[in-house]
Amino acid sequence: SHYNDLDDDLKPEMILHRGETDLFLYGHTHRAEIKRRKGVIMINPGHMSCDEHRGCPLTFALLDINKEDILVSLRQLLNDDPFLEKKYEKSSLKYEKRLIRAANRASFS
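Residues numbered from 1 in each chain as written. Predicted model: local features only at pLDDT ≥ 70, side-chain atom pairs only at ≥ 80, totals over all residues. Heavy atoms only, no water.

1. Some remarks on the overall build of the protein chain
For the record, the criterion: Note on conventions: DSSP H or I runs of at least 4 residues are helices, E runs of at least 2 residues are strands, and numbering of each starts at the N terminus. Each residue is assigned to one of three classes by its accessible area relative to the maximum for its type, calculated with a 1.4 Å probe on protein chains only: buried under 20%, partly exposed between the two thresholds, exposed over 50%. A contact between two residues is defined here by any heavy atoms of the two lying within 4.5 Å.
Scanning the protein chain for helices and strands turns up two helices and six strands. The order of α-helices and β-strands along the protein chain, N terminus first, is α-β-β-β-β-β-β-α. Within the span of the protein chain, comprising 109 residues, buried residues form 21% of the whole. Look at the contacts in the protein chain between residues 6 or more apart in sequence, and 28% of them connect residues 24 or more apart.

In structure tokens, the structure reads:
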């Protein structure tokens, strides 16, 4: 959450707490990272603010999502090679499994 959030804005903490997502992108710290917490893939792409000194390189994230897996790459702005890359099988994602089960139940109704 942020100081300028409105009362009816979605609260990221609640979405994470209730397990309503498999993938969560966030920022604010400006430090690029990929981590998994309680089954949720959490991605901070870093920052692209070249006019401000942040103490870390200019970075961004690329997500390649296909039928079987998700590939997350963190890259520096002026370097084509990823400095951090992680691959996750979609079959290991909790929320995706719940959506598939719900869709299967609905198709039998």
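2. Observations regarding the pairing of strand β5 (residues 69-76)
It is a general feature of regular strands that their side chains alternate between the two faces of the sheet. Filter applied, for reference: A pair of strands is labelled paired if DSSP reports no fewer than 2 bridges between them.
Counting buried residues along β5, six of its eight residues qualify, which places the element largely inside the surrounding structure. Bridge count between strand β4 (residues 59-65) and β5: seven bridges; the pairing is antiparallel. When the bridges of β5 are listed, Leu 63 appears paired with Val 72. Linking β4 back to β5 in an antiparallel pair, the connection comprises three residues.

3. Remarks on the sheet that holds strand β1 (residues 23-25)
Keep this limit in mind: Every angle, taken between N-to-C directions, lies between 0 and 180 degrees, and every axis is a line fitted to C-alpha atoms, over only the stretch in contact when it is a helix.
Pairing is mixed across the open sheet formed by three strands, whose spatial order is β1-β3-β2. One side of each edge strand has no neighbouring strand; the edge strands of this open sheet are β1 and β2 (33-37). With strand direction ignored, the average angle separating the axes of adjacent strands in the sheet is 20°. Strand direction decides the pairing type here: β2 and strand β3 (residues 40-44), joined by five bridges, are antiparallel. Each residue of the ladder has a partner; that of Lys 35, found in β3, is Met 42.

4. What about the environment of Glu 20?
Operational definition: Identification of polar contacts relies on pairs of N or O atoms within 3.5 Å, with a donor-acceptor requirement for protein atoms, meaning one able to donate a hydrogen and the other able to accept it, and with residues adjacent in sequence counted only if both atoms are side-chain atoms.
Tracing the backbone shows Glu 20 in the loop between α1 (12-17) and β1. The class of Glu 20 is partly exposed, set by a relative accessible area of 33%. Spatially, the C-alpha atoms of Glu 20 and Tyr 95 are 6.4 Å apart, while their sequence positions differ by 75 residues. Reaching out from Glu 20, the side chain makes a polar contact with the side chain of Arg 18 at a distance of 2.9 Å.

Such coordinate-based values are descriptive only and should not be taken to indicate function.
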